[in-house]
Structures are given as structure tokens and as C-alpha cells.
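# Descriptive structure summary
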Amino acid sequence: MLKFDEQIGIVTGGASGIGLAVAQGYARGGGHAVIADTNRDAGDAAVKELGREGHSAEFVDCNMTDSASIEQMIQSVHERHGRIDFLHNNAYAAWKGTDAGALVDEVSDEQWQHVLEIGLTSTFRATRAVLPLMVAKGGGSIVNTASVAAFRAEPRIACYSTIKAGIVQFTRTVAVEYAASQIRCNSVCPGVIRTPLIEGAPLGEDFLASIPMGRLGEAEEVANVVLFLASGLASYLTGETIVIDGGRTL
Ligand SMILES: NC(=O)c1ccc[n+]([C@@H]2O[C@H](COP(=O)([O-])OP(=O)(O)OC[C@H]3O[C@@H](n4cnc5c(N)ncnc54)[C@H](O)[C@@H]3O)[C@@H](O)[C@H]2O)c1
């Protein structure tokens, strides 16, 4: 198991799915996991479960579409713990519960703005807030959740594909700007992963047949890669984008 003893890690969208699996792995590896999310019930339940197992975690109510909320979350974690070693930018919520269905000429300004704010601007804002703290500490690791949608042009998800492609390039820029400060920044691109986000999506036999491994991914399978990137084992790895999709985009 990867070890995060004495370390503090923030996982946005850490109350469910991929983020939850990352927060659990981080805490079970000896780190203190900060679950930054809007879903207090799920976040509290995760913290309680980890506490019962003897691991350390906390929930922080943070709306990742709100600049002040992000800034306050990062500063308060730093004030309480004196350091931030790891930031996982991962929170996301689809526009009105679904990203599917809109061709480009049907996308409203509100939909575009929502996806941009929750998916891309939040990553910029949290990264901007944490960077000076990591520089002062002498280093850190940032991992951003992008998607294979960053590379595959599929119809009716223009906003989503655009922000995920933006995350990949933002990651590379942060990596170059802060490498000398021992801050690594990488992104992961999951394929289709079994989480609440894809509940109700039409993923029949034909879809499964399009995945060489013949199945959807599990949140833990993405979390394992994120945790590797967070850890010292990835000490010379920065600016990279790792696809985790059972071979679908090969
Ligand atoms: N599940 C997939 O197939 C898949 C594929 C590729 C990429 N991704 C990406 O993985 C990431 C996690 O997705 P998931 O599948 O685990 O989804 P999920 O719905 O299980 O988890 C998303 C979390 O984000 C939180 N969240 C939503 N809006 C928020 C806000 N304004 N502020 C703070 N937290 C907020 C939710 O409460 C939830 O806990 C997302 O960035 C998503 O785009 C998922």
C-alpha cells in the first residue's frame, strides 16, 4: 500500500465515486484526507467510516463553483494542519443532471458557464490557492481528473470535452511553471467508471464490446493511479496525462 504518513491531502468531490476512493486510499495509507464537497451527508458518512477503521479524515463544505468558498477551504485547511501535500481537483456535476443531449447549437450560455465553472475554473482556482503554500513548504503533488473525452470527439458533450481538454493543458503548464519548486502536476483520464455520475447512462452490450477489457472501470482503479501520482513513487513524473480506460481509446 502507498504511504502518506503525516501528510495532508485535499480531494475535491471526495464524497462520492472516484474522489471518495482517493480520499479512502489516502487515509488508509496514513495520510489525513480532507473531503471538500457540497454533499455533507455523504462526506460525513465517509469520515465516520474511516474513523471507525482508525484512519484520519475530515469533511469541509466547499462549493467548487464559488471562488471565495475554494479560497477559504484551502486557507482553513492550511491554518489547521500547517501544510498541504496533495490536492486532487476532481469535483464535477453535470448540468441539470446530464451532460448528454446538446449539440453545439443547442448549448445555452448557462450550461456552458456551469460546466466551465465546476469543471475547469474550479481546478484553476484551487490550484492557484494551493501553489504558494506548496512552494513555501518545498513541494507537493497536484492531480487533476480529466477524461478520455479530452481526446475523443463524441457528439453532444462539447462543453465537457472542452473543459477536460483544458484541464490536460492546464496541468502541463502548472507542471512546467512549478517543477523547480518541487511541485508535480499530473492528470488522469478515466474512461467510463462505475460511479453515480454515469447512473442511467445507456451503456449496453455494444458499448461494453467497444472496450477491449470488456467491462467498465471501478473508482478504485482510477484512485490507485491518482494515489501513485500523489506519492513519492512518482517523484520524477510531472505534466503527464494517464489514460485509465480498459484500452478503449487505443
Ligand atoms: N465516472 C466516469 O465515468 C468518469 C469518466 C471520466 C471522468 N470522470 C471525472 O471524474 C470526476 C469524478 O466523477 P465521479 O464519476 O466520481 O462522479 P460522482 O458524481 O460520483 O462524484 C462527484 C462529486 O463531486 C461533488 N460535487 C458536485 N458539485 C460540486 C460542487 N459545486 N462543489 C464541490 N463538490 C461538488 C459531488 O457532490 C460528488 O461527491 C469528475 O471530474 C468526472 O468528470 C468520471
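For every chain, the first residue of the written sequence is number 1, and numbering continues from 1 along that sequence. Totals for whole chains, interfaces and linings use every residue, but because this is a predicted model, local features are given only for residues with pLDDT of at least 70 and side-chain atom pairs only at 80 or more, for both listing and counting.

## What about the overall build of the chain?
The line we're drawing: In DSSP terms, a helix is any run of H or I states spanning at least four residues, a strand is any run of E spanning at least two, and both are numbered starting from the N terminus. With C-beta atoms placed from the backbone, a residue is buried if 20 or more other C-beta atoms are within 10 Å of its own, exposed if 12 or fewer are, and partly exposed between those counts. Whether two residues are in contact is decided by their C-beta atoms, placed from the backbone, lying within 7 Å.
Check the secondary structure of the chain and you find seven helices and nine strands. Reported as C-alpha extents along the three principal axes, the dimensions of the chain are approximately 45 × 35 × 35 Å. Relative to its 250 residues, the chain shows a buried fraction of 44%. Considering only residue pairs separated by 6 or more positions, the chain has 74% of its internal contacts joining residues 24 or more positions apart.

## Concerning the pairing of strand E6 (residues 183-190)
Formally: Two strands are counted as paired when DSSP detects at least two bridges linking them. We call a crossover right-handed when, viewed with both strands directed away from the observer, the connection leading from the first strand over the helix to the second proceeds clockwise.
The buried fraction of E6 amounts to eight of the eight residues, a majority that puts the element mostly inside the structure. Judged by which residues are buried, E6 turns out to be covered on both faces: Ile183, Cys185, Ser187 and Cys189 on one side and Arg184, Asn186, Val188 and Pro190 on the other are all buried. Relative to E6, strand E5 (residues 140-145) runs parallel, the two sharing six bridges. Pairing of Val143 across the sheet is with Asn186, part of E6. For the handedness criterion, the β-α-β arrangement of E5, helix H5 (residues 158-178) and E6 is classed as right-handed. Bridge analysis of E6 against strand E9 (residues 241-244) gives four bridges, and the strand direction is parallel. Residue pairing in the sheet places Pro190 in a bridge with Ile244 of E9.

## Topic: the nonpolar core
Rule in force here: In these notes, a nonpolar core means any group of buried Ala, Val, Leu, Ile, Met, Phe, Trp, Tyr and Cys residues linked to one another through C-beta atoms within 7 Å.
With 68 residues, the main nonpolar core has Val22, Ala23, Val34, Ile35 and Val226 as its most contacted residues. Those residues in contact with Ile35 that sit more than four places away from it in its chain are Val11, Gly14, Ala15, Ala23, Gly43, Ala46, Val47, Ala57, Phe59 and Val60.

## Examining the site of the ligand
Note the cut-off: To decide whether a residue is near a molecule or strand, its C-beta atom is placed from the backbone and checked for lying within 6 Å of it. For this classification, the nonpolar set comprises Ala, Val, Leu, Ile, Met, Phe, Trp, Tyr, Cys and Pro, the charged set comprises Asp, Glu, Lys and Arg, and every other residue, Gly included, is treated as polar.
Inspection of the region around the ligand gives 28 residues, with Gly13, Ser16, Gly17, Thr195 and Leu197 positioned closest. Ranked by residues supplied to the shell around the ligand, first place goes to helix H1 (residues 17-28) with three residues. Class assignment of the residues belonging to the shell around the ligand gives a composition of 14 nonpolar, 13 polar and one charged.

## A few points about H5
The condition that has to hold: Any helix carries an expected span of 1.5 Å times its number of residues minus one.
Between its first and last C-alpha atoms H5 spans 30 Å; for 21 residues at 1.5 Å apiece the expected length is 30 Å, and the two agree. Within the span of H5, buried status applies to Ala158, Cys159, Tyr160, Ser161, Ile163, Lys164, Ile167, Phe170, Thr171, Val174 and Tyr178. Contact partners of the buried residues in H5: helix H4 (109-137), E5, E6 and E9.

## A word on the packing of H4 against H5
Quick reminder of the rule: Simply put, an axis is a line fit to the C-alpha atoms, just over the touching stretch for a helix, and the angle between two N-to-C directions goes from 0 to 180 degrees. With respect to orientation, any angle under 35 degrees is reported as roughly parallel, any angle over 145 as roughly antiparallel, any angle of 65 to 115 as roughly perpendicular, and every other angle as oblique. What makes a crossing left-handed is the near helix being turned counterclockwise from the far one by less than a right angle; a clockwise turn instead makes it right-handed.
At a closest axis distance of 9 Å, the pairing of H4 and H5 adopts a crossing angle of 15 degrees. As judged from the angle between their axes, H4 and H5 are roughly parallel. Here H4 runs over H5; the crossing is right-handed. Across the interface between the two elements, Gln111, Trp112, Val115, Leu116, Gly119, Leu120, Thr123, Phe124, Thr127 and Leu131 from H4 touch Cys159, Tyr160, Ile163, Gly166, Ile167, Phe170, Val174 and Tyr178 from H5. Class assignment for the residues of the contact of H4 with H5 results in 13 nonpolar, five polar and no charged.

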